[in-house]
Amino acid sequence: MDLKGYKIKGTTKCECGHEFVIKDMKKLQRINDDKFYGGAVRHVDEIKCPDCGKDTLLLIKQAGQTYIVKDIGQKEEDIIETPKIDNKEENIVSNEFTCPVCQKTFKNKAGLSVHLKTHQDK
């Protein structure tokens, strides 16, 4: 089976601490490789960790009338080196939204929009 860049972890626990269970599964996908994982794993599902968002491959084994998560695989994150300018590190890609008035940062645009209303009252 082609793992598509996933590295098998040997555990069902994400690096962030989330323990994967069968309820995390979104779409059960059958694999036809009898030799993969010793023949025990017959299904997979590609999801994102609900806690940290890391791409995760659930290796699923049938257990009686149900299924269990036997192991996980996760993609290794690419490490982007940040250039140093005047001894200050600058992020190349930022998913944060910065307030133009006070420079406070927010994880999403909605948070910034609500925050900007505090500057209108002044």
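Nothing here was measured: the structure is a model prediction, and the numbers come from that model.

## What about the overall build of the protein?
Here is step 1 of the chain: When you go through the protein residue by residue, the secondary structure sums to 1 helix and 9 strands.
Here is step 2 of the chain: Taken from the N to the C terminus, the helices and strands of the protein come in the order β-β-β-β-β-β-β-β-β-α.
Here is step 3 of the chain: Buried residues in the protein amount to 24% of all 122 residues.
Here is step 4 of the chain: Look at the contacts in the protein between residues 6 or more apart in sequence, and 41% of them connect residues 24 or more apart.
Here is step 5 of the chain: Summed over its atoms, the accessible surface of the protein is roughly 9,100 Å², and 48% of this surface lies on carbon and sulfur atoms.

## Regarding the pairing of strand S4 (residues 55-63)
Here is step 1 of the chain: Here strand S3 (residues 43-48) runs beside S4; their pairing, made up of 6 bridges, is antiparallel. Residue pairing for S4: Glu 46 is matched across the bridge by Leu 57.
Here is step 2 of the chain: In textbook terms, the turn of a hairpin is the stretch between consecutive antiparallel strands, and for S3 and S4 this stretch comprises 6 residues, one of which, Gly 53, has a positive phi near 80°.

## Some thoughts on the environment of Thr 66
Here is step 1 of the chain: Along the chain, Thr 66 turns up in strand S5 (residues 66-75).
Here is step 2 of the chain: The spatial distance from the C-alpha of Thr 66 to the C-alpha of Ile 22 is 9.0 Å, given a sequence separation of 44 residues.

## What to know about the pattern of salt bridges
Here is step 1 of the chain: One pass over the full model with this rule turns up 3 salt bridges.
Here is step 2 of the chain: A salt bridge links Glu 15 to Lys 9, with the nearest nitrogen and oxygen atoms 3.0 Å apart.
Here is step 3 of the chain: Judged by relative accessible area, which is 26%, Lys 9 ranks as partly exposed.
Here is step 4 of the chain: We note a salt bridge from Lys 48 to Asp 55, for which the minimum N-O separation is 2.6 Å.
Here is step 5 of the chain: On the basis of relative accessibility, which here comes to 51%, the residue Lys 48 falls in the exposed class.

## With respect to the nonpolar core
Here is step 1 of the chain: The biggest cluster of nonpolar side chains holds 8 residues, and these are Cys 14, Phe 20, Ile 47, Cys 49, Leu 58, Ile 60, Val 69 and Ile 72.
Here is step 2 of the chain: Setting aside chain neighbours within four positions, we find Val 69 in contact with Thr 12, Phe 20, Val 21, Ile 22, Leu 58 and Leu 59.
Here is step 3 of the chain: Ranked by size, the runner-up nonpolar core spans 7 residues in total, among them Phe 36, Val 41, Leu 57 and Leu 59.

## Some remarks on the sheet that holds strand S1 (residues 6-8)
Here is step 1 of the chain: Read from one edge of the open sheet, 5 strands run S1-S5-S4-S3-S2, paired in antiparallel fashion. In this open sheet, the two strands that pair with only one neighbour each are S1 and strand S2 (29-30).
Here is step 2 of the chain: Pairing between S2 and S3: 2 bridges, direction antiparallel. Note on S3: the bridge partner recorded for Arg 30 is His 43.

## Topic: the packing of aromatic side chains
Here is step 1 of the chain: Evaluation of the coordinates by the stated rule reveals 0 aromatic pairs.
Here is step 2 of the chain: The cationic tip of Lys 75 hangs over the ring face of Tyr 6; the distance from NZ or CZ to the ring centre is 5.1 Å.

## Structural notes on the state of the cysteines
Here is step 1 of the chain: In total, this model carries 0 disulfides according to the counting rule given.
Here is step 2 of the chain: The closest cysteine sulfur to the non-disulfide-bonded Cys 14 is located on Cys 16, 3.6 Å from its own sulfur.

Calculation criteria
- Residues numbered from 1 in each chain as written.
- Predicted model: local features only at pLDDT ≥ 70, side-chain atom pairs only at ≥ 80, totals over all residues.
- Heavy atoms only, no water.
- Helix = DSSP H or I, 4+ residues; strand = E, 2+ residues; numbered from the N terminus.
- Buried < 20%, exposed > 50% of the residue type's maximum accessible area, 1.4 Å probe, protein only.
- Contact = heavy atoms within 4.5 Å.
- Areas by Shrake-Rupley, 256 points an atom, 1.4 Å probe, with all protein chains shown as cover.
- Pairing = 2+ DSSP bridges.
- Salt bridge = Lys/Arg side-chain N within 4 Å of Asp/Glu carboxyl O.
- Core = buried A, V, L, I, M, F, W, Y, C linked by side-chain atoms within 4.5 Å.
- Phe/Tyr/Trp six-rings, centres within 6.5 Å; stacked < 30°, edge-to-face > 60°.
- Lys NZ or Arg CZ within 6 Å of the ring centre and 35° of its normal.
- Disulfide = S-S within 2.5 Å.

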